[in-house]
Amino acid sequence: MLVSIKEMLGRAKAEGYGVPAVSAGNEVTLRAAIEEAEKASSPIIILVGYYFTDAVNYYCRLIEDFAKAASVPVTAMWDHSGNFKQSVRGIRAGFPSIMVDRSSLPYAENVAQVAEMVRFAHAVDIDVEAEIGHVGGADEDMGPNSENALTVPAEAVSFVKETDCDCLAVAIGTAHGAYKGVPEIRFDLLKELAEKVPVPLVLHGGSGTGDENISKACRMGITKVNVANELMQASYDALAEYGIEGNRAYQFWPVLEKGFRKHVAHLFEVTGCAGKAWQAKQCLTAKLMK
Ligand SMILES: [Zn+2]
């Protein structure tokens, strides 16, 4: 079933678990992710990056069809839209939620731009994730805004109040992409944020953060864990292990999918959402998207 992210993360917050938000930008990984969620009786979030091609309107329909047919709660998010045009693309495509990422801007400008998009999005029942502090890249290859800035709890509280965002990505020591070392997660900061911030908290840069760190973070108030790099690595590793040469090349997609599935299944256990699927009505956006 297709549900809103607000409902999904609200439940996760109340019950103290996280939901994996997996990067799945094609039919193979989309189907694999949802079928693994069904096997684990788990909710799941499908992430699609703002840089997706012009086929995004079509792809959003595909997600909608798969989500509606699924026996478990599924939702999708247009990830990391970084300016007005990128955010509107996600709304137009019909995503039930969008991330409005203005976290590299100064506080006042971040507030102003997020509040503006929240007004547009909420008018058509689309939920918004925003970010305060900045989760950067794990290395310099991740772009010009790769610098990390830890979230300041007082700013997070006022930010939510001023923007009316539905969930909040926080910077507590993770980074996007593959780490060179082991990240140091600021659990003291997470504890304070979980106590003070009224909306569900989101962790970006879930790849390479470590199972124990992720599990602990989810128990302490992280409700959504974004994972991309690890899934691609798992897919690649499966291919490398199998050995694609000669007629074995015909097995390229099945083997890639096997590696992807194995890691998605693992994420439900790590975040604590295995068995947490519930029966619900489809969200209003399901009607809007027709
Ligand atoms: Zn991210």
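Everything below is about the structure printed above this text.
These numbers come from a predicted model, not from an experiment. (Residues numbered from 1 in each chain as written. Predicted model: local features only at pLDDT ≥ 70, side-chain atom pairs only at ≥ 80, totals over all residues. Heavy atoms only, no water.)

Describing the sheet that holds strand 4 (residues 97–100)
Within a beta sheet, neighbouring strands are joined by backbone hydrogen bonds and run either parallel or antiparallel to one another. In spatial order, the strands read 1-2-3-4-5-6-7-8; together these 8 strands close into a barrel with parallel pairing. Neighbour-to-neighbour, the strand axes of the sheet open up by a mean angle of 30°, direction not taken into account. The pairing of strand 1 (residues 19–23) with strand 8 (residues 222–227) spans 4 bridges and is parallel. Within the sheet, the bridge partner assigned to Pro20 lies in strand 8 and is Val225. Against the sheet, helix 10 (residues 252–271) makes contact with strand 1, strand 2 (44–49) and strand 8, and its axis sits at roughly 155° relative to strand 1, the strand it touches most. (Pairing = 2+ DSSP bridges. Helix = DSSP H or I, 4+ residues; strand = E, 2+ residues; numbered from the N terminus. Axes fitted to C-alpha atoms, helices over the stretch in contact; angles between N-to-C directions. Contact = heavy atoms within 4.5 Å.)

Some words on helix 4 (residues 84–93)
Three or four residues apart is the spacing at which side chains of an α-helix point the same way, because the helix has 3.6 residues per turn. Looking at helix 4, one finds that the buried residues are Ser87, Gly90, Ile91 and Ala93. If you follow the buried residues of helix 4, they end up packed against helix 3 (56–69), strand 3 (74–81), strand 4 and helix 5 (107–123). Just downstream of helix 4, Gly94 is the residue with a positive phi angle, here 105°. (Buried < 20%, exposed > 50% of the residue type's maximum accessible area, 1.4 Å probe, protein only.)

Things to note about the nonpolar core
Membership of the largest hydrophobic core comes to 85 residues, with the highest contact counts inside it found for Ile46, Phe95, Leu168 and Ile222. Counting residues per element, this core draws most heavily on helix 3, at 7 residues. Those residues in contact with Ile46 that sit more than four places away from it in its chain are Val22, Ala24, Leu30, Ala33, Ile34, Ile63, Val74, Thr75, Ala76 and Met77. (Core = buried A, V, L, I, M, F, W, Y, C linked by side-chain atoms within 4.5 Å.)

A word on the pairing of strand 8
As a general feature of sheets, a regular strand has side chains that alternate between the two faces. Judged by how many residues are buried, strand 8 sits mostly within the fold: 6 of 6 residues are covered. When strand 7 (residues 201–203) meets strand 8, the two strands line up parallel, connected through 3 bridges. Across the sheet, residue Val202 finds its bridge partner in strand 8, namely Lys224. At this point the chain moves from strand 7, through helix 8 (residues 211–219), to the parallel strand 8, and the crossover so formed is right-handed. (Right-handed = clockwise from strand over helix to strand, strands pointing away.)

A look at the pairing of strand 4
Both faces of strand 4 are covered, namely the face carrying Ser97 and Met99 and the face carrying Ile98 and Val100. Judged from the 3 bridges that link them, strand 3 and strand 4 form a sheet pairing that is parallel. Within strand 4, the position partnered with Trp78 by the bridge is Ile98. Read as a crossover between parallel neighbours, the route from strand 3 over helix 4 to strand 4 is right-handed. Where strand 4 lies against strand 5 (residues 127–132), 4 bridges are found, and the strand directions are parallel. Bridged to Ser97 within strand 5 is Asp127. Note that the unit made of strand 4, helix 5 and strand 5 has a crossover that is right-handed.

Description of the side chain of Ser103
Within the secondary structure, Ser103 is located in the loop between strand 4 and helix 5. Here Asp101 takes part through its side chain, which lies 2.6 Å from a polar atom of the side chain of Ser103. Only 2.8 Å separates the side chain of Ser103 from the side chain of His134, close enough to count as a polar contact. (Polar contact = N/O pair within 3.5 Å; in protein donor to acceptor, adjacent residues only side chain to side chain.)

Digging into unusual backbone geometry
Non-glycine residue His80 carries a positive phi angle of around 60°. Along the chain, His80 turns up in strand 3. Residue classification places His80 among the buried residues on the basis of a relative accessible area of 17%. With phi around 65°, Asp164 is a residue other than glycine that occupies positive phi space. Along the chain, Asp164 falls in the loop between helix 6 (153–163) and strand 6 (167–170).

Worth remembering: the numbers are spatial, not functional.
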